[in-house]
Structures are given as C-alpha cells and as structure tokens.
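Here are the chains, one letter per residue:
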Amino acid sequence: MPDQTSSESTVWASELMGALVRTDEGGQVARVTGLVMFPPHGVVALQVQPVGAAEPPHTHGQARVLLFDAALGYAPGEVRVASADDVVPAFKLPTLLGHLSSTTLPRLGSRVRTSGGKQIGFLWDACVDRFTGELHQYRIGPTWLPAPGDRGVLTSSRLWSCTAGELTMPEEDAALVLDLLGQLSRPA
C-alpha cells in the first residue's frame, strides 16, 4: 500500500528510538528508550532514560516517561520539551504505570499474528502522527529485525489490535500481507 501520510506530520517509531529529549534552551534531558503504544489508538508516552543515568531502571515504577502530548515537537533523532520537568517518574502516572507493568504492549520486533494465532511476521516500524500520536501504518517484515536493504510490507493500522505484546490482524488482511512478504523473499 502506498504511504498516505505527509512526512511533515509523521515520524517513524524507529526514528524516535534513541532520540535525545532536549529543552528549548538546548539542554539534553533524556534519551528515548521505548514507546508506550496502544494499538490502534497510538503512542501515548515515551519511555526515557535521563542523561547521565548509569543504568536503566530495575522496575517499571522507577522508569521515567514523557507523555506524548507534553512534547513541543518531534523530529527524527530529537524530541523537544519546554522543561526537564516534563519527564516524570512513571509511578506518578498510575494508569500508565499499570500498562507499563503489563505485557500487553507491542515493541518494535514484536510478533504479528492473525486473529486465529498464525504468525505473519514481525513489527519492524510504525508511522506515528507527530501531533496526536496516532498510528497510521505498520511496517511488517519476515524476520525479527530488518537488515540493511530489507523491504517490508506497509499496512494500515486501523484494523489491528494488541494482545500479550503481539499485534493481531484479521485473517483476510493477513492473507494479503503473507502473500506480499512471500513475493519480497523470492529472488528477482
């Protein structure tokens, strides 16, 4: 499927991973270590590690998060915030912490299955609206992570759901994705 989204209004999840969180004054606050996604609704927060932190948190309660709508702007490799105070401990957001503690959230590299349980492939990337966090498209591939030059299949995110950290899609849509993945893996 062709990309129906404007590059000015979207960013790929993979471009946000590892991005520096900076204040308007240019100070480095944190680095993005994960996305809190609720398919098909979108990205609601970024999990971050403060600059200078020696190691990642040992529990979800110790994690630091930046609510998606608290950021002033998103660009590949950079997230802008008004203040370092926008990055908060997850325990201050109990509803979000409950989701972080569960295993129901997908990550890049998560399995993609049909509603009947058949494995289709893996989530390589997600196209995110910079303003709302809405997920527009998923990039699906046949392996856990793409190698340089690998091509995946772009799909709409509107028909998807998430269970136990895996994305699921209806059987009829999965058949098309499987066919396209099969065509990509055949030698030219």
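Structure shown above.
Residues numbered from 1 in each chain as written. Predicted model: local features only at pLDDT ≥ 70, side-chain atom pairs only at ≥ 80, totals over all residues. Heavy atoms only, no water.

Caption draft 1: Highlighting the pattern of salt bridges. The full count for this structure, using the stated rule, is three salt bridges. Residue glutamate 78 pairs with arginine 22 through a salt bridge whose shortest N-O separation is 3.1 Å. Highlighted residues: glutamate 78 in strand β7 (residues 78–81) and arginine 22 in strand β2 (residues 20–23), separated in sequence by 56 residues. Of the residues examined, glutamate 78 reaches a relative accessible area of 22% and is grouped as partly exposed. Each of Arg22, Glu78 and Arg80 takes part in one network of salt bridges that share partners. (Salt bridge = Lys/Arg side-chain N within 4 Å of Asp/Glu carboxyl O. Helix = DSSP H or I, 4+ residues; strand = E, 2+ residues; numbered from the N terminus. Buried < 20%, exposed > 50% of the residue type's maximum accessible area, 1.4 Å probe, protein only.)

Caption draft 2: Spatial organisation of the sheet that holds strand β6 (residues 73–75). If you trace the seven strands from one edge of the open sheet to the other, you get β6-β7-β2-β3-β4-β5-β8, paired in mixed fashion. The two strands at the open ends of the sheet, each matched to only one other strand, are β6 and β8 (88–89). One ladder, built from four bridges, connects β2 with β7; its direction is parallel. Paired with arginine 22 across the strands is arginine 80, a residue of β7. (Pairing = 2+ DSSP bridges.)

Caption draft 3: Expanded view of the environment of glutamine 28. In this fold, glutamine 28 is placed in strand β3 (residues 28–38). For the pair glutamine 28 and valine 51, spaced 23 residues apart in the sequence, the C-alpha separation amounts to 6.8 Å. In this structure, glutamine 28 is in contact with Leu20, Val21, Arg22 and Val51, ignoring residues within four places of it in sequence. (Contact = heavy atoms within 4.5 Å.)

Caption draft 4: Representation of the pairing of strand β5 (residues 64–67). As judged from the four bridges shared by strand β4 (residues 42–50) and β5, these two strands associate in the antiparallel manner. Across the sheet, residue glutamine 47 finds its bridge partner in β5, namely valine 65. With two bridges connecting them, β5 and β8 associate as antiparallel partners. Within β8, the position partnered with valine 65 by the bridge is valine 88.

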